[in-house]
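Structure at a glance
Residues per chain, in single letters:
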Amino acid sequence: MAAKKMRSRRAILVFEGGGAKGLVHVGALRAIEELEPDILGVAGTSAGAILAALVAAGYRSEELFAPDGSHTILKDLHLGRATELFGDAWSIIRGFRWCLDHWKMLLAGLGTFFFLFSACVGWHLDRENGGLAPVFGVPLFMLTVIAVAVSIFRWLCAGLCSTDTFTINMDRALRRKIPSVGPKGRVCFKDLPRPLKIVATNLESGELTLFSQERTPQVAVADAVAASIAIPVIFSPKIIAGVPYYDGGLVSNLPAWTFDEERALDPDAHTIAIEIVENERRKDGGPTALLTPFHNLAAATRAALFGAGILNKRAAAGLYVLPIRTDVRVLDFDLGADQAAKVVGAAYQWASANVIYELETRPRLLRRACRKLHEVVVDLLKAGGHSNAGEVRVCLAMAEPGTHRSLRYLHCYNRSRHPDETLTVPIDGSLAGHVFCTGKPTFDAAPFTYRLAGDANRRLRRLLWRGMTWQLAIPIYSSVDDGHARPAMVLLLDGNGDASYIKGVLNDDFARFASSMLSELIDFADSGRPHGERQ
């Protein structure tokens, strides 16, 4: 397949945690690779940390899982199935999964056992001690229940198995790409060719720990990954330098924030976050009153692990969140080869359509429209024969998802030589914001009415083009907007020519033409729009 090109090839990749669900990341990575990105860094949590570490070490998607399923990284590690990554621990994990799948039956069985046990003890006491069952039976039953519950709780808190075998296999995979550490050496963060950031939960401090080249250069990458995948109950805490760690999903399951500094230094770089979305669960009429507390606890646990994405993503500029749905469950590490190939293939098809649309197709169409409008405006101004038409610039001001008080200038044409090429401006006090709220085309000339007044905007004012004498903002609607909706975006033109002449040329007729042209383009671009989420 011919490679598509992003306007900026620089990209940061972020992979969400999700246990065996993380298999979809391989398909998403394959789709992203077709855009030929220059990967500036990789971040991940839990299962996402596994893929992030492998990508940081230099692996490509076909080395992890070939498109036709003929080769996987497991073969390179001389492993037959993914479950062998965990060694003997898998049998315990599988048993725990069975318990989760049949928890109602287990609960009923335990209740029956304790009832029969109490009845037998009571009958024995009643026969041997002349009717003392009512005195000793109930307390004995309660003590037995408490003792068993405490024992089970302590056992679960300690973890059912360790991550030792996984750590060994992860080390082996990393050494294949970085052999300079030696046949028995360990790949540390400082050895990686790409920046890597992994999140884990520090049990000693009760806080988040971020493993990276800057913070933990000497820590073995496999240890950090093992810490990030250490799901409570299933795994015992991973000990690193005497400190116990648990799954990073407890504190940040989609760590897009870890590259905030890099995004600030390179605003044109894309951040692509792969988010795992669970398919809708079947509704069976809801839990009974007796089981509601258990259902609520399970729901709260899922929310804690997977529901904090909005905090991790926030409203970061340049962040594209790619949600991928899957039926794979967290502990489904024993998927067959054919099933795994289907999961990866479906994720690739879904991700490919979304990524190419959001990062290549739609931006290209909007940039082309801005260039075409620039040509139209220049021709109109030249046709008037005025000697001072001046320079003209074009851009689109858009409210990105998660923002409510600002607009960002995007898809600019003829603005690259100026410091205000891609500003984020407040809706209150800017011309683009005024038109975004009122829905009416507005022309403004120096001295400007909408000039970003106030102390809060003093730094933005310093970036504005000093030679600008006029600006025109036109609302652009899409067909899905109703009469009460705000525009999909605002077309912003400005220049340094004679403002009175230009106002007469770029009149209401031009505003209607420009609005209609861009509205049709948006409808055309969005007619085959796949389901992605632009942040």
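Owing to the predicted nature of the structure, the values given are computational and were not obtained by experimental measurement.

Looking at the packing of helix α2 (residues 47-57) against helix α8 (residues 164-177)
- Viewed as axis vectors pointing N to C, α2 and α8 meet at an angle of 25 degrees, and their least axial separation amounts to 9 Å. As the angle between them shows, α2 and α8 are arranged roughly parallel. Two packed elements cross with a definite hand, and for α2 against α8 that hand is right-handed. Contact with α2, carried on its side by Ile-50, Ala-53, Leu-54 and Ala-57, involves Phe-166, Met-170, Ala-173, Leu-174 and Lys-177 of α8 and no other residues of that element.
- The class makeup of the residues in the contact of α2 with α8 is 8 nonpolar, no polar and 1 charged.

Notes on the packing of aromatic side chains
- Per the counting criterion, the structure on display carries 4 aromatic pairs.
- A centroid spacing of 5.9 Å and a plane angle of 5 degrees characterise the contact between Phe-443 and Trp-470, whose relative ring orientation is stacked. Of this pair, Phe-443 sits in strand β12 (residues 442-445) while Trp-470 sits in strand β13 (residues 470-476), placing them 27 residues apart in sequence. Judged on exposure class, the residue Phe-443 and its partner Trp-470 are both buried.
- The structure contains a cluster of three or more aromatic residues connected by ring pairs, namely Phe-189, Phe-211 and Tyr-245.
- The ring of Phe-259 carries Lys-197 above its face, with NZ or CZ at 4.6 Å from the centroid.

Points about helix α9 (residues 221-229)
- The element α9 is largely enclosed, with a buried count of 9 among its 9 residues.
- Where α9 is concerned, the buried positions are Val-221, Ala-222, Asp-223, Ala-224, Val-225, Ala-226, Ala-227, Ser-228 and Ile-229.

A few points about the nonpolar core
- Core analysis: the biggest nonpolar cluster contains 75 residues, and Phe-189, Leu-192, Leu-196, Phe-211, Val-221 and Val-225 have the highest contact counts within it.
- Ranked by residue count, the leading element in this core is helix α13 (residues 337-383), at 9 residues.
- When near neighbours in sequence (up to four residues on either side) are disregarded, Val-221 contacts Ala-53, Leu-174, Val-187, Cys-188, Phe-189, Leu-192 and Leu-196.
- Counting residues in hydrophobic clusters, the runner-up holds 35 residues, among them Leu-381, Leu-493, Ile-502 and Ala-511.

Thoughts on the side chain of Asp-494
- In this structure, Asp-494 sits in strand β14 (residues 489-495).
- Reaching out from Asp-494, the side chain makes a polar contact with the side chain of Arg-393 at a distance of 2.8 Å.
- Polar contacts involving the side chain of Asp-494 include one to the side chain of Arg-415, which spans 3.2 Å.
- Discounting residues that sit within four places of it in the chain, Asp-494 has contacts with Glu-391, Val-392, Arg-393, Arg-415, Trp-465, Met-468, Trp-470 and Gln-471.

As for the pattern of salt bridges
- For the structure on display, the rule yields 20 salt bridges.
- Arg-186 serves as the salt-bridge partner of Asp-171, at 2.9 Å between the closest nitrogen and oxygen. Taken as a pair, Asp-171 in helix α8 and Arg-186 in the loop between α8 and β3 (196-202) lie far apart in primary sequence, 15 residues in all.

Some details on helix α1 (residues 24-33)
- Most of α1 sits out of view: 9 of its 10 residues are buried.
- Inspection of α1 places Val-24, His-25, Val-26, Gly-27, Ala-28, Leu-29, Ala-31, Ile-32 and Glu-33 among the buried residues, and these make up the whole buried set.
- Summarising the contacts, the buried residues of α1 are in contact with β1 (10-15), α2, α3 (61-64), β7 (270-278), β8 (319-326) and α13.

Structural notes on the environment of Tyr-348
- Structurally, Tyr-348 is set in helix α13.
- Spatially, the C-alpha atom of Tyr-348 lies 7.8 Å from that of Leu-29, the residues being 319 residues apart in sequence.

Overview of a positive patch on the surface
- Together, Arg-451, Arg-458, Arg-459, Arg-461 and Arg-462 make up a positively charged patch on the protein surface.
- Looking at the element boundaries, Arg-458 is found in helix α15 (residues 458-463).
- A relative accessible area of 38% places Arg-458 in the partly exposed class.

With respect to empty space enclosed by the protein
- Tallied over the full model, the rule gives 1 cavity of 30 Å³ or more.
- Roughly 100 Å³ of volume is contained in the largest cavity.
- Forming the walls of the largest cavity are 12 residues, and the residues nearest its centre are Gly-19, Phe-86, Ile-229, Ile-231 and Phe-333.

So, unusual backbone geometry
- Note that the residue after Ala-446, namely Pro-447, is joined by a cis bond; omega there is -5 degrees.
- Relative to the elements of secondary structure, Pro-447 occurs in the loop between β12 and α15.
- With a phi angle near 55 degrees, Ala-241 is a residue other than glycine that sits in the positive phi range.
- Note on placement: Ala-241 falls in the loop between β5 (238-240) and β6 (243-246).
- Of the residues examined, Ala-241 reaches a relative accessible area of 80% and is grouped as exposed.
- Of note in this structure, His-411 is not a glycine but carries a positive phi near 55 degrees.

Looking at the sheet that holds strand β11 (residues 424-426)
- Read from one edge of the open sheet, 6 strands run β11-β10-β9-β14-β13-β12, paired in antiparallel fashion. Of all strands in the sheet, those with a lone pairing partner are β11 and β12, marking the two edges. Taken pair by pair, the neighbouring strands of this sheet meet at an average axis angle of 25 degrees, ignoring direction.
- Bridging between strand β9 (residues 392-398) and strand β10 (residues 406-413) involves 4 bridges; their strand directions are antiparallel. When the sheet's bridge partners are listed, Met-398 is paired in β10 with Arg-408.
- Against the sheet, α13 makes contact with β9, β10 and β14, and its axis sits at roughly 145 degrees relative to β9, the strand it touches most.

Digging into the confidence of the model for the chain
- Chain-level pLDDT for the chain is 82 on average; 76% of the residues reach the 70-or-more range.
- Here residues 282-286 scores under 50 on pLDDT; set against residues more than four positions off or in separate chains, the count is 0 contacts.

Focus on the side chain of Gln-471
- For Gln-471, the position within the fold is in strand β13.
- Excluding anything up to four places from it in sequence, Gln-471 contacts Leu-431, Thr-442, Phe-443, Asp-444, Phe-448, Tyr-450, Leu-492, Leu-493 and Asp-494.

Parameters and conventions
Residues numbered from 1 in each chain as written. Predicted model: local features only at pLDDT ≥ 70, side-chain atom pairs only at ≥ 80, totals over all residues. Heavy atoms only, no water. Axes fitted to C-alpha atoms, helices over the stretch in contact; angles between N-to-C directions. Helix = DSSP H or I, 4+ residues; strand = E, 2+ residues; numbered from the N terminus. Parallel < 35°, antiparallel > 145°, perpendicular 65-115°, else oblique. Left-handed = near helix turned anticlockwise from the far one by under 90°. Contact = heavy atoms within 4.5 Å. Nonpolar A, V, L, I, M, F, W, Y, C, P; charged D, E, K, R; others polar. Phe/Tyr/Trp six-rings, centres within 6.5 Å; stacked < 30°, edge-to-face > 60°. Buried < 20%, exposed > 50% of the residue type's maximum accessible area, 1.4 Å probe, protein only. Lys NZ or Arg CZ within 6 Å of the ring centre and 35° of its normal. Core = buried A, V, L, I, M, F, W, Y, C linked by side-chain atoms within 4.5 Å. Polar contact = N/O pair within 3.5 Å; in protein donor to acceptor, adjacent residues only side chain to side chain. Salt bridge = Lys/Arg side-chain N within 4 Å of Asp/Glu carboxyl O. Patch = residues over 30% accessible without salt bridge, like charges linked within 9 Å, V, L, I, M, F, W, Y side chains within 5 Å. Areas by Shrake-Rupley, 256 points an atom, 1.4 Å probe, with all protein chains shown as cover. Lys, Arg positive; Asp, Glu negative; His and termini not counted. Charge placed at Lys NZ, Arg CZ, Asp CG, Glu CD. 1 Å grid on protein atoms, 1.4 Å probe; cavity = no way out; pocket = protein on both sides within 12 Å on 5 of 7 lines; lining within 4 Å. Points joined across faces, edges and corners; volume = space filled by probe spheres on them. Pairing = 2+ DSSP bridges. pLDDT = per-residue confidence, 0-100.

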